[in-house]
Amino acid sequence: MPVEEFVAGWISGALGLVLGHPFDTVKVRLQTQSTYRGIMDCIVKTYRHESLLGFFKGMSFPLVSIAVVNSVLFGVYSNVLLALTAMSHQERRTQLPSYTHVFIAGCTGGVIQTFFLAPFDLIKVRLQNQTEPRVQPGGPQPRYRGPVHCAATIFREEGPRGLFRGAWALMLRDTPTLGLYFVTYEGFCHQNTPHGQNPSSATVLVAGGFAGIASWVAATPLDVIKSRMQMDGLRRREYQGVLDCVVSSFRQEGLRVFFRGLTINSARGFPVNAVTFLSYEYLLHSWG
Ligand SMILES: C[N+](C)(C)CCCC[C@H](N)C(=O)O
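The rules behind these values
Numbering of residues starts from 1 in every chain and runs along the sequence as written. The predicted origin of the model limits local features to residues at a pLDDT of at least 70 and limits the giving and counting of side-chain atom pairs to 80 or more, whereas totals for whole chains, interfaces and linings rest on all residues. Side-chain metrics rest on all non-hydrogen atoms present in the structure, leaving aside hydrogens and water. UniProt positions are given in the numbering used here, feature names are shortened, and annotations may be inferred rather than shown by experiment. Here is the rule: rings of Phe, Tyr and Trp (six-membered ring for Trp) pair when centre to centre is within 6.5 Å. Planes less than 30 degrees apart are stacked, more than 60 are edge-to-face, and the remainder are tilted. The way it works is that DSSP assigns letters per residue, a run of H or I at least four long becomes a helix, a run of E at least two long becomes a strand, and they are numbered from the N terminus. Relative accessibility under 20% of the residue-type maximum defines a buried residue, over 50% an exposed one, and the middle range a partly exposed one, all with a 1.4 Å probe and only protein chains included. Where helices are involved, their axes are fitted lines through C-alpha atoms of the stretch in contact, as for all axes, and angles between N-to-C directions lie from 0 to 180°. Relative orientations are named as follows: roughly parallel for angles under 35 degrees, roughly antiparallel for angles over 145 degrees, roughly perpendicular for angles from 65 to 115 degrees, and oblique for any other angle. Here, two residues are considered to be in contact whenever any of their heavy atoms come within 4.5 Å of each other. A residue counts toward a patch only above 30% relative accessible area and without a salt bridge, and it is joined to like-charged neighbours within 9 Å or, for Val, Leu, Ile, Met, Phe, Trp and Tyr, to nonpolar neighbours within 5 Å. To measure how exposed things are, a 1.4 Å probe is used in the Shrake-Rupley method; for residues, cover is taken only from the protein chains shown. Each reported salt bridge corresponds to a side-chain nitrogen of Lys or Arg within 4 Å of a carboxyl oxygen of Asp or Glu. Helix span, as expected, comes to 1.5 Å for every residue beyond the first. Within this analysis, the arc is defined by the directions that extend from the helix axis to the C-beta atoms. Two helices cross in a left-handed way if the nearer one is turned anticlockwise from the farther one by less than a right angle. They cross in a right-handed way if the turn is clockwise. Each residue is assigned to one of three groups, with Ala, Val, Leu, Ile, Met, Phe, Trp, Tyr, Cys and Pro labelled nonpolar, Asp, Glu, Lys and Arg labelled charged, and all others, Gly among them, labelled polar. Definitions used for this entry: grid spacing 1 Å over protein atoms alone; cavity, a set of points where a 1.4 Å probe fits but cannot get out; pocket, an open set with protein on both sides within 12 Å along at least 5 of 7 lines; lining residue, one with an atom within 4 Å of a point. Grid points are joined across faces, edges and corners, and a volume is the space filled by probe spheres set on the points.

For the protein, the name recorded in an unreviewed UniProt entry is Solute carrier family 25 member 45, with Castor canadensis as its organism. The UniProt entry for the protein carries the following text under Sequence similarities (unreviewed entry): "Belongs to the mitochondrial carrier (TC 2.A.29) family."

Novice: Tell me about the packing of aromatic side chains, and name the residues and values.
Specialist: What the rule picks out here adds up to 10 aromatic pairs. Plain terms: the ring middles of Y77 and F182 are 3.7 Å apart, the flat faces sit at 10° to each other, and that makes the pair stacked. Of this pair, Y77 sits in helix α3 (residues 60-85) while F182 sits in helix α7 (residues 167-191); the two residues are 105 residues apart in sequence, bridging distant segments of the chain. The exposure class of Y77 is buried, given its relative accessible area of 2%. The buried category is assigned to F182, whose relative accessible area is 0%. Ring geometry for Y181 versus F277: centroids 5.2 Å apart, planes at 45°, classification tilted.

Novice: Hey, could you go over the packing of helix α5 (residues 99-128) against helix α8 (residues 201-231) for me, with residue numbers and the actual values?
Specialist: Relative placement of two packed helices is described by the angle separating their axes and the distance separating the axes. Put simply, α5 and α8 touch, their axes get as near as 9 Å, and they point 80° apart. The pairing of α5 with α8 is recorded here as roughly perpendicular in orientation. For the pair α5 and α8, contact is made by A118, D121, L122, V125 and R126 and by K226, S227, Q230 and M231, respectively.

Novice: Can you tell me about a nonpolar patch on the surface, naming the residues and giving the values?
Specialist: The grouping of V3, V7, W10, I11, L15 and W287 at the surface amounts to a nonpolar patch, some 540 Å² of accessible area in total. With 4 residues, the top contributor of residues to the nonpolar patch is helix α1 (residues 4-32). Here V7 shows up in helix α1.

Novice: If you had to explain helix α9 (residues 242-253) to someone new, which residues and values would you point to?
Specialist: Between the first and last C-alpha of α9 there are 16 Å, a value that for 12 residues agrees with the 16 Å anticipated at 1.5 Å per step. Of all the residues in α9, the buried ones are C245, S248 and S249. Relative to the axis of α9, the buried residues are bounded by an arc of 100° and lie together on one face. Turned more than 90 degrees from where α9 packs its buried face, L243 and R251 sit exposed. Two residues or fewer past α9, G254 is found with a positive phi of approximately 80°.

Novice: Requested: an account of the packing of α3 against α5, with residues and values cited.
Specialist: Axis separation between α3 and α5 bottoms out at 8 Å; the angle between their running directions is 165°. In terms of their interaxial angle, α3 and α5 are classed as roughly antiparallel. Judged by the sense of rotation from one axis to the other, the crossing of α3 with α5 is right-handed. Class assignment of the residues belonging to the contact of α3 with α5 gives a composition of 20 nonpolar, 8 polar and 1 charged.

Novice: How would you summarise the UniProt feature "transmembrane region" (unreviewed entry) in the protein if you had to cite specific residues and measurements?
Specialist: In the numbering used here, UniProt assigns the "transmembrane region" (unreviewed entry) feature to residues 61-84 and 96-118. Along residues 61-84 the backbone is 100% helical and 0% strand, and the end-to-end C-alpha distance reaches 34 Å.

Novice: Please give an account of empty space enclosed by the protein that cites residues and values.
Specialist: Scanning all chains against the criterion turns up 2 cavities of 30 Å³ or more. In terms of lining residues, the largest cavity is bounded by 31 residues, among which I66, L117, R173, W216 and R268 are the most central. For the lining of the largest cavity, the secondary structure elements donating two or more residues are α1, α3, α5, α7, α8 and α10 (262-287). No other element matches α1, which puts 7 residues into the lining of the largest cavity.

Here's what the structure looks like:
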């Protein structure tokens, strides 16, 4: 099982995360809090109340975890595709495997990465939703003092299963959309690269960006549900499950609730995934 795909996925995931975390913080707040009138209102209030650091809340943990998650995602994707097509990463650069195989490999990576992502994503969302300004001595303490304290508090208050709150919604969100993610990437690279050649850096950048946008547009409705399920249980349990959350959200806020954060997901999805795929391809090419 080639290891370099896992390492390249690790490094490229971390680079993409740092670039995209401020976008992600604004998105999570728009999805789970009704105090903001829109993207700009959220950005201005966050900056005024919490300074620039407010946009990077909850990032330290995902910096480690998303690298692991991305490593698992790209490693599983690449190795499932190798098993399905008997083509190495380098061979696939010049000879496109079938879209069905790419989709299956992407969905498989999506299912498996969920088990690693679920606890980390939960902690990230819980920390991102703490809107207190930086703690002043003697001032009000936020509920969670950091990622480890957040994990320990959730474990203590909600039990070990509490760390996987929202995991079903996360799996339903990521499995098909990561299949779409890799199909978009491989297809765009293949369509825009002369036969038998490696895609150029510009092609990889644009293909990665479009893959990020396509997958996030398709994922946003369940992304809203996932974030709400993760925030549920903080006070009293409001939802009995994913379907109850979908029906309840629709009844209370109408169809538009499922597109909260779509703009910011798309704006974030292009640069984050352009950088992720470019660094991934560069690393594999340089180790080739
Ligand atoms: C499957 N879903 C659309 C949720 C994510 C796909 C892109 C994942 C990437 N690491 C990012 O953070 O953008």
